[in-house]
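Residue-level structure breakdown
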Amino acid sequence: MSVLVYVENAEGKFKKSIFEAVSYAKAIADQLNTSLTAVSIGNVAQDELQKLGNYGAAKILNVNQDALKSFINQAYASVIAEAAEKIAASVVVLSNSFSGKGLAPRIAVKLNAGLVDGAISLPELNDGKFIVKKTAFSNKAFAYVELHADKKVISLTPNSYKIVEAGGQAAIEDFAATVKPTDLTALIKDIVRATDKVSLPDAELVVSAGRGLKGPENWAMVEELANLLGAATACSKPVSDADWRPHSEHVGQTGIAISPNLYIAIGISGAIQHLAGVSSSKVIVVINKDPEAPFFKVADYGIVGDAFEIVPKLIEELKSFKA
Ligand code: FAD
């Protein structure tokens, strides 16, 4: 029995969410009195792989094969399932990232395992039970899922588990995985970076704005505030529907669900469908001129006032702070 964590890379580097997944998987391995193995697919330098030891991986299976250069859901799921079988893993952990959302159910089917997607805390192991907490109904409730299958697949919501530095070293082992031609269903020819901005699902800080900003011409101050903070930008649905901002920035029930450490909402009313995607943010700051705006009910800090007066003041303050 052991625990396997899949460590996805972005252009050969691991993001913070991967160190969270490794720390989380290590804690599960400790609960089960076993060791943690990581599986990496793609071209990742040895010193980058070595970082995983610090978060608790004892061994790393390094799959670096030409056929697996670009991400293909079916093929990657097969490789991760093969790695799980190789080490007789009883639990497979991965980040509930964009690719993790596609991989987790496929791996669960291949291993005949129970699945919890979007876990937010460590499993509770009582009387032989294995219970995992996740959010449900667009973050309005929690579900406690009891897994009965011998094998378990858990995808962890980014920003929901603290990174723990274990200070260990990992042994790196090359792993030649079986690549089935039937798994190679699509080939990514090229990836062109659309923006150098912080990516929204991974962002720790997010500055978001809504219809209260009146029009796309007023987003310069939102961008400036975000740049000063090193934050990603987001928006409400009507804003992206009106093409004031790209759809990739739309957060909420029908957009991206995020859980950053800080979410600043400017001129957003706080409709339930918007909150569904942002309410698990650690700290919420709301700027709205209407003291009755529903967003204030879930805010940690609220500023009642005109965004066109408050945001420039915040920008000035941050600039003087940085000077
Ligand atoms: P408004 O509701 O128009 O609110 C604007 C706010 O700005 C107001 O609170 C106002 O007081 C404030 N304001 C105005 N001027 C200023 C100023 N100068 N300074 C400061 N504050 C100011 N919405 C989402 O965001 N995400 C979703 O995923 C989503 N999914 C949906 C799914 C369904 C099925 C449905 C029916 C709706 C969905 N919606 C979603 C829409 C949602 O119900 C709201 O209509 C939307 O979130 C409102 O956007 P808003 O807060 O930007 O605009």
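Keep in mind that this is a model prediction, so the values were computed, not measured. (Residues numbered from 1 in each chain as written. Predicted model: local features only at pLDDT ≥ 70, side-chain atom pairs only at ≥ 80, totals over all residues. Heavy atoms only, no water.)

1. Comments concerning the packing of helix α3 (residues 73–86) against helix α4 (residues 98–111)
Where α3 meets α4, the axes come as close as 9 Å, and the angle between the chain directions of the two elements is 50°. One way to sum up the angle between α3 and α4 is to call them oblique. When you trace α3 past α4, the crossing you get is right-handed. Note on element contacts: α4 touches α3 through Ser99, Gly102, Leu103, Arg106, Ile107, Lys110 and Leu111, opposite Asn73, Gln74, Tyr76, Ala77, Ser78, Ile80, Ala81, Ala84 and Glu85. (Axes fitted to C-alpha atoms, helices over the stretch in contact; angles between N-to-C directions. Helix = DSSP H or I, 4+ residues; strand = E, 2+ residues; numbered from the N terminus. Parallel < 35°, antiparallel > 145°, perpendicular 65-115°, else oblique. Left-handed = near helix turned anticlockwise from the far one by under 90°. Contact = heavy atoms within 4.5 Å.)

2. A short note on the site of the ligand
Neighbouring the ligand are 26 residues; Ser236, Thr254, Ser269, Gln273 and Asn288 lie closest to it. Between the ligand and Ser269 there is a distance of 2.7 Å, counted from an oxygen atom to a backbone nitrogen or oxygen. Asn288 is positioned such that a nitrogen or oxygen atom in its side chain is 2.7 Å from an oxygen atom of the ligand. For the ligand, the protein covers 76% of the area, taking 990 Å² as the surface of the free molecule. If you list the elements that add at least two residues to the shell around the ligand, you get α6 (237–241), α7 (272–278) and α8 (307–322). For the shell around the ligand, the residue count by class is 6 nonpolar, 14 polar and 6 charged. (Near = heavy atom within 4 Å. Polar contact = N/O pair within 3.5 Å; in protein donor to acceptor, adjacent residues only side chain to side chain. Areas by Shrake-Rupley, 256 points an atom, 1.4 Å probe, with all protein chains shown as cover. Nonpolar A, V, L, I, M, F, W, Y, C, P; charged D, E, K, R; others polar.)

3. Brief notes about the nonpolar core
One finds Val5, Val22, Tyr24 and Leu52 to be the most contacted residues of the largest nonpolar core, which totals 33 residues. Looking at this core, the elements with two or more residues in it are β1 (2–6), α1 (16–31), β2 (36–41), β4 (89–95), β5 (114–119), β7 (129–136) and β9 (152–156). Those residues in contact with Tyr24 that lie beyond four places of it in its chain are Val93, Ala119, Ser121, Leu122, Pro123, Val132, Ile154, Leu156 and Tyr161. Grouped together as the second largest cluster of nonpolar side chains are 29 residues, Leu4, Val63, Ile107 and Ala113 included. (Core = buried A, V, L, I, M, F, W, Y, C linked by side-chain atoms within 4.5 Å. Buried < 20%, exposed > 50% of the residue type's maximum accessible area, 1.4 Å probe, protein only.)

4. Thoughts on unusual backbone geometry
Its identity is not glycine, yet Asn112 carries a phi of approximately 55°, on the positive side. In this structure, Asn112 sits in the loop between α4 and β5. Asn112 gets classed as exposed once you look at its relative accessible area, which sits at 67%. One non-glycine residue, Lys214, lies in positive phi territory at about 75°. If you trace the backbone, Lys214 turns up in the loop between β11 (205–209) and α5 (220–229).

5. Quick look at the packing of α5 against α8
Two elements in contact, α5 and α8, have axes whose closest approach is 10 Å; the angle formed by their N-to-C orientations is 30°. Here α5 is positioned roughly parallel relative to α8, judged by the angle of their axes. Here the hand of the crossing between α5 and α8 comes out left-handed. Residues Met221, Glu224, Leu225, Leu228 and Leu229 of α5 pack against Ala307, Phe308, Val311, Pro312, Leu314, Ile315, Leu318, Lys319 and Lys322 of α8. In the contact of α5 with α8, the residues fall into 11 nonpolar, no polar and 3 charged.

6. Thoughts on the packing of aromatic side chains
Two aromatic rings are characterised by how far apart their centres lie and by the angle between their planes. Counted according to the given criterion, the structure contains 6 aromatic pairs. Ring centres 5.3 Å apart and planes at 80° place the aromatic pair Tyr24 and Tyr161 in the edge-to-face group. Taken as a pair, Tyr24 in helix α1 and Tyr161 in the loop between β9 and β10 (171–174) lie far apart in primary sequence, 137 residues in all. Accessibility assignment for this pair places Tyr24 and Tyr161 in one class, buried. An aromatic cluster is present here, built from Phe14, Phe19 and Tyr55 joined pairwise through their rings. Over the face of the ring belonging to Phe142 we find Lys133, whose NZ or CZ atom lies 4.2 Å from the ring centre. The aromatic ring of Phe130 is capped on one face by Lys152, whose charged end is 4.9 Å from the ring centroid. (Phe/Tyr/Trp six-rings, centres within 6.5 Å; stacked < 30°, edge-to-face > 60°. Lys NZ or Arg CZ within 6 Å of the ring centre and 35° of its normal.)

7. Regarding the UniProt feature "binding site: FAD" (unreviewed entry) in the protein chain
Mapped onto the present numbering, the UniProt feature "binding site: FAD" (unreviewed entry) falls at Arg211, Gly267, Ile268, Ser269, Gly270, Ala271, Ile272, Gln273, His274 and Asn288. Within the secondary structure, Gly267 sits in the loop between β13 (262–266) and α7. Gly267 has contacts with Gly210, Arg211, Gly212, Ile287 and Asn288, leaving out every residue within four places of it along the chain. Relative to the helices and strands, Ile268 resides in the loop between β13 and α7. Residues contacting Ile268, with those up to four places away along its chain left out, are Ser208, Ala209, Gly210, Ser236, Tyr263, His274, Asn288 and Phe295. (UniProt positions renumbered as here; feature names shortened; annotations may be inferred.)

8. Thoughts on the sheet that holds β13
One open sheet holds the 5 strands; their spatial order is β12-β11-β13-β14-β15, and the pairing between them is parallel. With one partner strand each, in any of the chains shown, β12 (232–235) and β15 (301–304) form the two edges of the open sheet. Adjacent strand axes in the sheet meet at a mean angle of 15°, parallel and antiparallel pairs treated alike. For β11 and β13, the ladder comprises 5 bridges, and the chain directions are parallel. In the sheet register, Val207 faces β13, and the bridge partner there is Ile264. (Pairing = 2+ DSSP bridges.)

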